[in-house]
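Letter by letter, the chains look like this.
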Amino acid sequence: MPRSRFPQSVYGTGEEPDARFSLANERTFLAWNRTALALIAGGVALEALGLDLHPGLRLTASLILIAAGLVVPVLAWLEWGRTERALRAASPLPGSATSIALAVTIVAVGALVLLGVVLR
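- An unreviewed UniProt entry annotates the protein as DUF202 domain-containing protein of Microbacterium salsuginis.
- The UniProt entry for the protein carries the following comment under Subcellular location (unreviewed entry): "Cell membrane".

### Concerning the side chain of Ser62
Phase 1 of the analysis: Tracing the sequence through the fold places Ser62 in helix α3 (residues 55-88).
Phase 2 of the analysis: In terms of polar contacts, Ser62 uses its side chain to reach the backbone carbonyl oxygen of Gly43, at 2.3 Å.
Phase 3 of the analysis: Within the local environment of Ser62, its side chain forms a polar contact with the backbone nitrogen of Glu47, the two atoms lying 3.3 Å apart.
Phase 4 of the analysis: If we ignore the near neighbours within four places in the chain, the residues touching Ser62 are Gly43, Val44, Leu46 and Glu47.

### Considerations on the UniProt feature "transmembrane region" (unreviewed entry) in the protein
Phase 1 of the analysis: When the UniProt feature table is mapped onto this chain numbering, "transmembrane region" (unreviewed entry) sits at residues 31-49, 61-80 and 100-119.
Phase 2 of the analysis: End C-alpha to end C-alpha, residues 61-80 measures 28 Å, and it is 100% helix and 0% strand.

### Observations concerning α3
Every α-helical turn comprises 3.6 residues, leaving residues that sit three or four positions apart pointing alike.
Phase 1 of the analysis: Here α3 contains 34 residues, and its C-alpha end-to-end distance of 49 Å stays within 8% of the 50 Å for a straight helix at 1.5 Å per residue.
Phase 2 of the analysis: The axis of α3 is deflected most strongly, by about 25°, at Val71, and proline Pro73 appears within four residues downstream.

Quick notes on the rules
Residues numbered from 1 in each chain as written. Predicted model: local features only at pLDDT ≥ 70, side-chain atom pairs only at ≥ 80, totals over all residues. Heavy atoms only, no water. UniProt positions renumbered as here; feature names shortened; annotations may be inferred. Helix = DSSP H or I, 4+ residues; strand = E, 2+ residues; numbered from the N terminus. Polar contact = N/O pair within 3.5 Å; in protein donor to acceptor, adjacent residues only side chain to side chain. Contact = heavy atoms within 4.5 Å. Expected span 1.5 Å × (residues − 1). Bend = angle between axes of the 7 residues up to and from the residue.

Here it is, written out as C-alpha cells:
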C-alpha cells in the first residue's frame, strides 16, 4: 500500500519525476528560506545597530526587510509546489515570482538607505 505524501495537491498529480529534479527543487526552496532568515537578520541589525541614518528611513527599511523575510518562505512554498507539479506533469517549469519580489525589496531598501545617508 503506497504511503500518502504531503501535500496531496502536489504529490497526487502526474508521475514521479527523476529524484534529482525533485531534490533540486527542494534545495531551491531551502535556499529561499535561508534568504528569508538573512532578510530578517538584516532588518533587525539595521535597526538594532542604530546606524547614523535618518531614523524614519532606517526604521522603514528595517520593517521592509523583516516583512520580506516573513513573506519569502510563503512565496517559496507556493513556488516549490508549482514547480513540483510541473515536474510531475512533464510540463514547462513556471517562472519565479519570489525572485521578482526579492528584487523589488532590495531596490526599495537600497533606495531608503541611500536617502537615509543623504538626509542624515
